[in-house]
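Read off the chains here:
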Amino acid sequence: MSGKVVDENENPLPNVSVVILGQSKGIVTNDSGYFRLKVTAEKAFALVFSYSGRKSAQQNFLLSENEEETITIRLERGEKVLTEVILTDQRDRKEAGLIRPNPKTILNLPSAVTGVESLIKIFVGSNNELTSQYSVRGGSYDENLIYVNDFEVFRPYLVRSGQQEGLSFINPEMVRNISFYNGGFQARYGDKLSSVLDIQYKKPKRFGGSAYVGILEQGLQIENASRNGKFSYLLGIRNRSNRNLLSSQETKGNYVPSSADFQALLSYQFSPKWSAELLSNISQTKFTLIPQSSQLTTSVFSPVFSATIGVDIAFEGREKDQYQTNMLGLAFINQVNKKLRLKWMMSRFENDEQENIDITGAYLFGERDFDKRNPTFGLIVNPLGAGVYQTWARNTLNIENWNVSHKGNYDLGKHAVQWGLSYDKTTIGDKLNEWEFQDSAGYSLPYQPNLLRLNKSVKSTASLDIDKFSGYIQDNILLGKDSSHAVTLTAGVRFNYNTLNQEFLISPRIGASWKPKWKKDIIFRAAAGMYSQPPFYRELRRYNGTVNTQLKSQKSIQAVAGFDYNFIGIGGRPMRWTTEAYYKNMTDVVPYDVDNVRIRYFGENNAKAYAAGVEMRLHGELVEDAESWISLGIMKTAEDISGDHYYRYKNAAGEFITAQSTDQVVTDSVRNDVGWLRRPNDRRITFGMYFSDYLPTNKNFKVYLNLLYGSNMPYNIPGAVRYRNAAVIEPYIRCDIGFSALLVDDDRSKRRSHSPFRNFDNIWASLEVFNIIDRANTISYLFVKDFSNTVYLLPNRLTPRLINFKIVARW
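Definitions and limits used
- Residues numbered from 1 in each chain as written.
- Predicted model: local features only at pLDDT ≥ 70, side-chain atom pairs only at ≥ 80, totals over all residues.
- Heavy atoms only, no water.
- Salt bridge = Lys/Arg side-chain N within 4 Å of Asp/Glu carboxyl O.
- Helix = DSSP H or I, 4+ residues; strand = E, 2+ residues; numbered from the N terminus.
- Pairing = 2+ DSSP bridges.
- Core = buried A, V, L, I, M, F, W, Y, C linked by side-chain atoms within 4.5 Å.
- Buried < 20%, exposed > 50% of the residue type's maximum accessible area, 1.4 Å probe, protein only.
- Contact = heavy atoms within 4.5 Å.
- Patch = residues over 30% accessible without salt bridge, like charges linked within 9 Å, V, L, I, M, F, W, Y side chains within 5 Å.
- Areas by Shrake-Rupley, 256 points an atom, 1.4 Å probe, with all protein chains shown as cover.

Colleague: Explain the pattern of salt bridges to me, please; I cannot follow it from the model alone.
Modeller: Pairs can form between side chains of opposite charge once their charged atoms are near each other. If you walk through the whole model with that rule in mind, you get 43 salt bridges. For Glu-580, the salt bridge is made with Arg-137, and the minimal N-O distance between the two is 3.1 Å. Note that Glu-580 is positioned in strand β28 (residues 574-589) and Arg-137 in the loop between α1 (116-124) and β9 (144-148), a separation of 443 residues in sequence. For Glu-615, the salt bridge is made with Arg-617, and the minimal N-O distance between the two is 3.4 Å.

Spelled out as C-alpha cells, the structure:
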C-alpha cells in the first residue's frame, strides 16, 4: 500500500498516523505526505489515518499477492480533540482479592440475566444462568456482602428457584465503579465470610442518559446536573419478563414472571465542605405459574442393566409469589479539609415476601421408548412406578432493617486512618405453613396403616427483634521513601455484637504488598485475618421450621497470597496476570443443603469446614480496544458434621445386611462416622472467559463471547446420612455469544438538523444467542422410587438455546 495524504486544499500533510485497524504500531507520512507499507496478501484489512485537529479516515482493502495499490486520502478539519490519556489507579493491584472490572462491559456481556453479577460469575463460576446469586470460594449465597454507595443492600430470602427471581438491586447503567473482593477483604467491610461487592453510582456533570429495549428486559436511565453544579440527579427504571426464557423449560405451563424497579440518586452540594446524597429504590417481582405437564428423562447404566428412564407428570393447581423491596438511604458528607473526610448515613431497608403454592402432580414412571420407528416413541412403555404428590405453601416474610452509621478517614501522609461505627435495628416477622403429600401406588408415604401421614410438614411463626453494633479502625501504612516500590501495610480490627445471641466478636485483619525494584512490573501481595458472620434469618431456621435464637456466628481464619504482573502481550498491548492461593479454616459452621437457589440450613453450629485453592486471571486487550478476561480456579472445600454417623448391620453369619431385610435376623451392628464430605458448592475447577473482538475492517461490528465451565458438584440425598452429598450434578458448561452493530456513531457533523437522532451519542443493535451449544445443564434432581423401593434421580434442566435481541441508545 502506498499513497499520499492531503488536506482540503490538496496540500500534503506530514506526520499523519497510518495504522492497520486492530494493531497498535504503524507509520507516519513523510514531509511530502507520502506513505508506503507492506500488508498481508489475500486478507481484508483497514487503514486508519489520523492527524491532530482533523477528522480520522478509514478505508478497507483486499490485495492479492504482489499487488500494489496507490491511493490519495483527504483529511477534513474537525474538532480539536486531544488524544485520550488513561490514568490507572495502582491501588487495586496492592489489595489482595480485589478485582475491578469495567462497568461499561456489562450491557455488552451476553447473558440471560443482565447485571453486574453476570460479570462477577466470570471470576467465581456459576451453575445457574437464571439467578443473580453466586458462590465465592465454596461459600453459600448468603456469605456475600453488597454495598451501593456505602449502603448495604439485601436480597429476597424465600426464593426457591432462579425462575422466581427478578431484577438485581444494582442497575448496571447507573454504575460508575465496581470493586469486588473474593476474599481477604479489609476490616472496613462488614461481617460476612466470603466476598464483598462494592458499587459506586455515577456523579452526573451534565445532561445525559441511555435506553435499551430487548426481548427480556427494558430500561431507561437519565442524569443531569444544575447549571451551578450543586444539584444532580441520576434516575433509572427497568422492567424484565423471563417468559421467553421459561417457556422452553421442561415443565410446560403458563409462566407469568414480571419484575420492575425504580432507583434514584439525588446529590446536593451545600458548600465546598458539605454535601448530601439520597438513594432510593422501589422494586417488585411477581411470579405466577400454572403448570400443565412435565417430561423428565435420564439414562441408567450398570454392568447388568441399562435403560432410558423417564417420568411423565400431569399438573393441576398454581403457584403465585410476590417479592417487594423498598430502600431509602440518606448520607451527609463533610470534607473538613484535604486530610479529613467524615460521612454520616441513615437508611431503611424492607423486604416483604409472599409465597402461595398449591400444585398437585400425578406421575407415571418407567422406561421411555426412544426408538422413532415405534408408535410409542417418547412414551413410558415399561412402568416402574406411579403416584400422586401435592405441594402446598402459604408463607410470608417481612424483614425491616434500620441503620445509622458513621465513617471517616484521615490522611497523615504515610498513614491513612479509617474508622467506622454502625448500629442496626432488624425486625423479622415470619410465618411458614407448608406441607407435602406423597402417594405411591395408592399408599401415602411414609406408610402407616389406618393413618394419613404427610411426607413433609412445616408450620411455624417467628417474631425477632435484633440490635446489632459494629465498628472498625484500620491504618493504611506506606513503608519506604520510594512510593512506587514501597511496602504497603494495612492493619485493622473489627468488632460486632448482637442482642440475638449476645455474642461479642473481635476480628483482626492485616494485608501487605511489596513491589521489588525489578525490570518486570510485578507486585506481591498477601492478607490474613479473622472473619465472622452473625446469623441473620435463614441460618436460624432448622429443617423442621423451629428457630434457634442461640445460634452462634460462623467463624473463619483466612489467608491469601499472590502476585499481580503487568506485561506487554500480543501486538504490544498491555496485559495483566494475577494469581492468588488461599486457605479458609471455618468453625461453628452451620451446614446447609442447596436445592436450585434455595438454601436449607441445619440451624445448628455442628460442623467444621475448610476451603483451599488457587485462582488465576488474565486481563487485557487480546485485540486492540477490545477488553477481555480469562479466569481459572482450582478449589477443594469439605465439611465434617459433628456426630454424623450411620450403622451397618450383621446377621448371625457375620455378614452385612440391610436393616430392611425381612428374611434376615440382625445380630450385631457397626457404627460408622461419616467424617469429611464435599460441601454443597464444592467445584474443583471453574473457568470463565469474556472475549470481545470486531471485524478486521470495521470496528462498528463487534462480537462478545461469554464462556463458563464448572466441574461437577455434589447434591444431597434427603434423609440419607450415609449418602449425604453423594449424588453428583454433572459439569456446568455455558456459552453465550452476542453480535453488535453500530447504527449511529458519535460524529454529529454528518447529521441533519431535523434528524431524530441528532442528539444521540451512539445507538447499537445486538443479537444474542444464549447457550449456543444447547447444553442441557442440570440444576437439581427429582427423586422417584419404583415398586421395589429403588430410588432414581431425574434431572431438572436449565434453559436451552435461545435468541435475544436488543437496542441500546446513549445520549
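Picking up after the structure, the text goes on.
Colleague: When you look at the sheet that holds strand β34 (residues 656-657) in this model, what are you seeing that I'm missing?
Modeller: Strand order in the open sheet formed by three strands is β34-β33-β35, and the pairing between neighbours is antiparallel. A strand with exactly one partner marks an edge of an open sheet, and here the two such strands are β34 and β35 (668-673).

Colleague: Sorry if this is basic, but what is going on with the nonpolar core here?
Modeller: The nonpolar side chains of soluble globular proteins are, as a tendency, buried together. With 57 residues, the main nonpolar core has Val-116, Ile-170, Leu-197, Ile-199 and Tyr-201 as its most contacted residues. The element contributing the most residues to this core is α1, with six residues. Setting aside residues up to four positions removed in sequence, Ile-170 forms contacts with Val-116, Glu-117, Ile-146, Val-148, Val-175, Leu-197, Ile-199, Tyr-201, Arg-238 and Gln-263.

Colleague: How do you make sense of a nonpolar patch on the surface when you look at a structure like this?
Modeller: A cluster of nonpolar residues, Phe-231, Tyr-268, Phe-270, Trp-274, Phe-332, Trp-344, Met-346 and Val-404, forms a patch on the protein surface that exposes about 730 Å² of accessible area. Tracing the chain through its elements places Trp-274 in strand β17 (residues 274-301).

Colleague: I tried to follow the pairing of strand β15 (residues 231-240) on my own but got confused; where do I start?
Modeller: In the case of a regular strand, side chains alternate between the two sheet surfaces. Only one face of β15 is buried, namely the one carrying Ser-232, Leu-234, Gly-236, Arg-238 and Arg-240, since none of Phe-231, Tyr-233, Leu-235, Ile-237 and Asn-239 on the opposite face is buried. Linking strand β14 (residues 217-225) to β15, which pair antiparallel, is a turn of five residues; within it Gly-229 sits at a positive phi near 80 degrees. Where β15 and strand β16 (residues 251-269) come together, 10 bridges link them in antiparallel fashion. Bridge assignment links Ile-237 to a residue of β16, and that residue is Phe-262.

Treat this as a map of the structure, not an account of what it does.
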